[in-house]
Amino acid sequence: MEKTYNIYSINGPVITIKGKTDLSMMEMVYVGEEKLAGEVILIDNDKTTIQVYEETAGLRAGEPIYATGSPLTITLGPGLMSNIYDGIERPLAMIKQQSGAFIKKGSLIPGLDEQKEWDVTVTAQVGDKLSGGQIYAHCPETSAITHFCILSPEFSGEVVEVKPSGKYRVNDTVLKLKDNKGIIHDITLCQKWPIRIPRPVKERMSSDKPLITGQRILDTLFPVAKGGAAAIPGGFGTGKTMTQHQLAKWCDADIIIYVGCGERGNEMTQVLQEFGELIDPKTGKPMTERTILIANTSNMPVAAREASIYTGVTLAEYYRDMGYHTAMMADSSSRWAEALREISGRLEEMPADEGFPAYLPSRLSDFYERAGYMNTLCDKEGSITLIGAVSPQGGDFSEPVTQNTKRFTRCFWALDKSLAYARHYPAINWTESYSEYLNSLAPWYTENVSPKFMRHRDRIASILQKESDLMEIVKLIGSDVLPDDQKLILEIARVIRVGFLQQNAFHDIDTYVPLDKQYKMIRIILYLYKQCSKIIEQQIPISQIKALGLFDKAVQLKYQIPNDDYSGFDAFKEEIDAALTKFNIA
Amino acid sequence: MILEHIGLNQINGPLIVLEGVKNAHNEEMVDIRLDNGSKRVGRVVEIEGDKVVIQVFEGTTGLSLSNTATRMTGHAMELPLSPEILGRVFDGLGRPIDGLGDIYPDIKMDVNGQPINPVARVYPRNYINTGISSIDCLATLIRGQKLPIFSGSGMKHNELAVQIVKQANVSDGSDFAIVFAAMGVKNDVAEYFRKSFEEANVMNKVVMFLNLSNDPIIERIITPRCALTAAEYLAYELGKDILVILTDMTSYAEAVREFSSSKGEIPGRKGFPGYLYSDFASIYERAGIIEGKKGSVTQIPILTMPNDDITHPIPDLTGYITEGQITLDRSLDSMGIYPPVSILPSLSRLMKDGIGEGYTRKDHQPLANQLFASYSKVQDAKALASVIGEDELSPNDKLLLKFGQEFESKFINQGYQCNRTIEETLDLGCELLSLLPREELDRLDEEMLASHYVRKSKGK
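These numbers come from a predicted model, not from an experiment. Residue positions are given per chain, counted from 1 along the sequence in the order it is written. Chain labels run from A onward and ligand labels from 1 onward, assigned in the order the entries are written. At least 70 in pLDDT is required for a residue's local features to be given in this predicted model, at least 80 for side-chain atom pairs to be given and counted, and no such filter applies to totals for whole chains, interfaces and linings, which use all residues. Neither water nor hydrogens contribute to the side-chain values; these are computed over all heavy atoms in the structure.

Chemist: What should I look at first to understand the domain arrangement of chain A in this one?
Modeler: Frequently, the measure chosen for interface size is the accessible area removed from exposure when the parts meet. Residues and elements named next belong to chain A. You can read the domains of chain A as domain 1 (4-72), domain 2 (116-190), domain 3 (203-437) and domain 4 (453-583). Start and end positions for the domains come from either an automated domain assignment or a database one. If you average the C-alpha positions of domain 1 and of domain 3, the two centres end up 31 Å apart. Opposite the 12 residues of domain 1 that make contact, domain 3 presents nine residues. The buried area of a pairing is the accessible area, by a 1.4 Å probe, that goes missing from both parts when the two are put together, added over both. Between domain 1 and domain 3 lies a buried interface of about 850 Å² when both sides are counted; carbon and sulfur atoms form 69% of it. It is P13, Q51 and Y53 that lose the most area in domain 1 upon contact with domain 3, and together they represent 48% of the buried surface on that side. Residue contacts follow a heavy-atom distance rule, with two residues in contact if any of their heavy atoms lie within 4.5 Å.

What follows is the structure in structure tokens.
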């Protein structure tokens, strides 16, 4: 039986115990008669401080605090998939069944459905030597995902007894394991893992495969690698959440963990609904079959918001360890940082930049370093790609969360207010954004798309850069005075911006575009540019080329050419040739 | 047995400290009786052993260490509610001030509310026709949404809110009621709202919570919570569609700041406490629709941006929580355009799923996108014109400028009484876009362009 203590002081979500305790740092405790979940965050000789994951209204001094002896852990096992949890892995659907439409305090509900029976195939045999991370059984978790039961990394030993394959619940013992001290452990389908500790892997591998998202500006201009980390900063209304949704829907990860951290309730409801209706193009099954949602909306307790990011990444690691490619979207990491700040303020810690605690950068780097392309303990390849939205105050990218996130991620997709105002979506600014993965991904693109892909990509980027330089002049004196070759650059850049970078998430064809089509699109745009510049060199005014309407047609290509039939590109190429021949003759 | 604690141990701004209190609950209400017979209420905000810190809503003026008797009530602040609250006026703490006597409650509800389980929400889709073109077409208000008006001092946000209430009310047959919460607004403003509600003949459907600018500041922290508790009661218990108007959120945030600094908390940006975001969220997130319940809560918070600065923490944090915003613009206002809605920074996040075929009209979304895109180009043309002069502009840019002027004077500008149907609004949008050359309209697909230009020739 673990010890109990008494509440001494209460200040918002922070409570203290007076005197010396045996509690350990980061130990999970239950606070008060209602057993609110909490975590030890500071230990002093004469007091212990605890942050509570739930609303503390109604608590009294003197109420008991129950120690648990273990850090904040979550349960991992079959049944996680398609679920929606709060920040500390309590299933929201079950909470609704228990306490209605509003979330009441102290709901102690296990994260996994303990009654559901799974169709388990036990693969381990008596006499097998198992070490942590190895697979001993598997079961179909959803129609899209097979769940591999992996031995918790803390165990290893020899299998002394196995149950036959059949129907089991998560807490049923399926095998017995004798460790090297001779102790026999009962192994069930689930395991516990502390959320703040990264799960071990065999080795980290280089990230040289891209995460294909079907979003042109990302895949072509600023790709992120599988196992990479990317940041999406942007003020409100610039489309962070929309971009995150698009990524969650279309990226080619096997498993999506979507963490709504301190965001809007209605948005999470939308994700729930939309993902239930959408069909995953790869598996033909509903998106929810490969998605876990974590919803800790802005009005839910702040300390659980702080934990939600870790819960999410632990779930991602668990599936990575089975050999899946997972992607985790965190929307938004600024809310998480604010939760840190709020708790730090209650602890009266010395604030650093803008009131954020001095340990903000180290926490951020700890989190983003949990991304990676790994060789797992069971010798499979798995990855976690982390995509964090950042909501800088006032849209100012110089604030600490954006700046520190920039240091620890290698992909920066800067959202731009003026693009969003013009309803240019995704409003990713192509001059401010960057990806450091380009070099390591180049061989993959060369091999799998086209040897010329990277060269073409660079041309597109340089045209856009030239345009932004020219716009400086245009802003001062207007575009009429530019020489024709520069006007052509502006025209082509417009085609790139509107016809390529801008992508309509609500259009059936345009919402997801395969890489091959992306490549063909940039190729045809560059072809148009090349042919037109030849004509411009002959001193033919650009107005005559513009009159042909080729640029406007190129803009419309994205809606007209279906994703499974690219013949339209050749047709358009012929159209370009046909239309421009009259100048060549002249 | 109820204990009374005689005297106090410390008084600091709105906070009092009491020692020797056993079994105090966090955030419970306390009654404070003064020697002269007057009463005040407070709330426990911090407990340390047997020492409790209490926030006094009416302020601590006149309190001394010896002239009070404090009684712990043992429960959080509750609002007495019954269907009779419709048509009544309350103070910022939910006590009747219209002289019609107390409410005989059917139910008492905790004013702090509880977070709605995201699983239990219904995603809002049903649009509210406000009859205001700039809102209906470009930042559509959806039932269950929270859509703030970002304004500045002296602009016509109150008029706009009243017009929305009047016109949304007329067009809709459902059981409709309004909850109005004033936080630190001037007496005239509250009076203007009351009069307007009377004129619109909806006064028997309005519940008012008034904390005027001369009322105690700390009370303001509770006012929106009382109002939203009343709104939730009317919506989820009685099945009404509720529109909540909260004005002015800036005063509210300043009250939070004042309270925070008197508690000695570490300030964040511009002195506002670090938890302002969570605090705002606990108000704004109370909008919504719940599965299995008939009613809905729609919020229109109004806030005046200090110095018209949209990056100030108050509008900034609000914008991160609310589902879009309607931004008013001072230059439009001074040009006499009403409502002075600044189109580009205005946005409704829920709009995309509540419009289009089956809701408004099929061409609504692309049309709105095109209007946004074109109007944003107008701004570029204007910027250029201010450098090189209008005469030097290319013909295309001149057309854009013309479009911009027409758009502002015909589409945005519509007057206090003008109630446009969605058809009228969208047709007007089409008509204005026809001023521009066809190749400028890159957001409309071929089919739309065809029908759009048909419209134009008909118009001629």
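Now, onward.
Chemist: Would you take a moment to explain a nonpolar patch on the surface for this structure?
Modeler: Together, A:I473, A:L476, A:I477, A:V481 and B:V387 make up a nonpolar patch on the protein surface, roughly 440 Å² of accessible area in all. Numbering of helices and strands runs from the N terminus, with a helix taken as a DSSP run of H or I at least four residues long and a strand as a DSSP run of E at least two residues long. With three residues, the top contributor of residues to the nonpolar patch is helix α11 (residues 453-477) of chain A. Only protein chains enter the accessibility calculation, which uses a 1.4 Å probe. A residue is then buried if its area is under 20% of the maximum for its type, exposed if over 50%, and partly exposed in between. For A:V481, a relative accessible area of 55% translates into the label exposed. Patches in this entry comprise residues that are over 30% relatively accessible and not in a salt bridge; like charges within 9 Å are linked, as are nonpolar side chains (Val, Leu, Ile, Met, Phe, Trp, Tyr) within 5 Å. Computed by Shrake-Rupley with a 1.4 Å probe, the accessible areas treat only the displayed protein chains as cover when residues are assessed. Salt bridge, as applied in this entry: a Lys or Arg side-chain nitrogen positioned within 4 Å of an Asp or Glu carboxyl oxygen.

Chemist: Teacher, can you tell me more about helix α12 (residues 484-501) of chain A here?
Modeler: With 18 residues, α12(A) extends 24 Å between its outermost C-alpha atoms, agreeing within 8% with the 26 Å of an ideal straight helix rising 1.5 Å per residue. With respect to burial, α12(A) is a largely interior element, 13 of its 18 residues being buried. Multiply 1.5 Å by the residue count of a helix minus one, and that product is the helix's expected span.

Chemist: Could you clarify how one ought to interpret the interface of chain A and chain B in this entry?
Modeler: With 79 residues of chain A in contact, the opposing surface of chain B contributes 70 residues. Taking both sides of the interface into account, the surface hidden between chain A and chain B amounts to around 6200 Å²; carbon and sulfur atoms contribute 54%. If you sort the residues of chain A by the area they bury against chain B, A:F236, A:N266 and A:R423 come out on top, with a joint share of 13%. One can count one salt bridge joining chain A with chain B.

Chemist: How should the nonpolar core be read in this particular structure?
Modeler: What tends to happen in soluble globular proteins is that the nonpolar side chains get buried as a cluster. Grouping buried Ala, Val, Leu, Ile, Met, Phe, Trp, Tyr and Cys residues that are joined through side-chain atoms within 4.5 Å yields what is termed a nonpolar core. Counting 93 residues, the largest nonpolar core has A:M329, A:W413, A:I492 and A:I496 as its most contacted members. The residues touching A:M329, leaving out its near neighbours within four places in the chain, are A:Q244, A:L247, A:A248, A:C251, A:I256, A:I257, A:Y258, A:V259 and A:I387. Among the nonpolar cores identified, the runner-up in size contains 76 residues, and B:L160, B:V162, B:F193 and B:C430 belong to it.

Chemist: What exactly am I supposed to notice about the pattern of salt bridges here?
Modeler: Where charged atoms of side chains with opposite charge meet at close range, the side chains can pair. All names here are of chain B. Taken as a whole and judged by the stated rule, the model has 57 salt bridges over all chains. Between E191 and R194 there is a salt bridge, with its nearest N and O atoms 2.7 Å apart. Remark: R194 and E191 occur in helix α3 (residues 187-199); sequence separation between them is three residues, near one turn of the helix. With relative accessibility at 33%, the residue E191 sits in the partly exposed group. The closest approach of N and O atoms between R194 and E198, which form a salt bridge, is 2.9 Å. Within this pair, R194 and its partner E198 are both found in helix α3, separated by four residues, close to a single helical turn. On the basis of relative accessibility, which here comes to 27%, the residue R194 falls in the partly exposed class. On the accessibility criterion, E198 (42% relative accessible area) is partly exposed.

Chemist: Looking at this structure, I do not really get the side chain of B:Q167. What am I missing?
Modeler: Residue position: B:Q167 is located in helix α2 (residues 157-171). Other than its neighbours up to four places away in sequence, B:Q167 contacts B:N129, B:T130, B:G131, B:I132, B:Y416, B:Q417, B:C418 and B:N419.

Chemist: What's the story with the packing of helix α10 (residues 438-448) of chain A against α11(A) in this structure? I'm lost.
Modeler: Packed helices, taken two at a time, are described by the angle between their axes plus the distance between the axes. Residues and elements named next belong to chain A. Only the stretch in contact is used when a helix axis is fitted, and all axes are lines through C-alpha atoms; the angle between N-to-C directions ranges over 0 to 180 degrees. Here α10 crosses α11 at 130 degrees, and the two axes come no closer than 9 Å. Comparing the axis directions of α10 and α11 gives the class oblique. On α11, the residues touching L438, A442 and Y445 of α10 are F453, M454 and R457. Just so you know the grouping, Ala, Val, Leu, Ile, Met, Phe, Trp, Tyr, Cys and Pro go in nonpolar, Asp, Glu, Lys and Arg go in charged, and all remaining residues, Gly too, go in polar. Residue composition of the contact of α10 with α11, by class: five nonpolar, no polar and one charged. Every angle not falling under 35 degrees, over 145, or within 65 to 115 is termed oblique; those three ranges are roughly parallel, roughly antiparallel and roughly perpendicular.

Chemist: I'm lost on the sheet that holds strand β15 (residues 296-304) of chain B in this one. Help?
Modeler: The strands making up a sheet associate through hydrogen bonds between their backbones, and the pairing can be parallel or antiparallel. Residues and elements named next belong to chain B. Strand order in the open sheet formed by eight strands is β9-β13-β12-β14-β15-β11-β16-β17, with mixed pairing between adjacent strands. In this open sheet, the two strands that pair with only one neighbour each are β9 (89-91) and β17 (341-348). Neighbour-to-neighbour, the strand axes of the sheet open up by a mean angle of 15 degrees, direction not taken into account. The sheet contact formed by strand β11 (residues 149-151) and β15 spans three bridges and is parallel. Of the residues in β15, the one forming a bridge with I149 is I302. DSSP bridges decide pairing: two strands pair if at least two such bridges lie between them.

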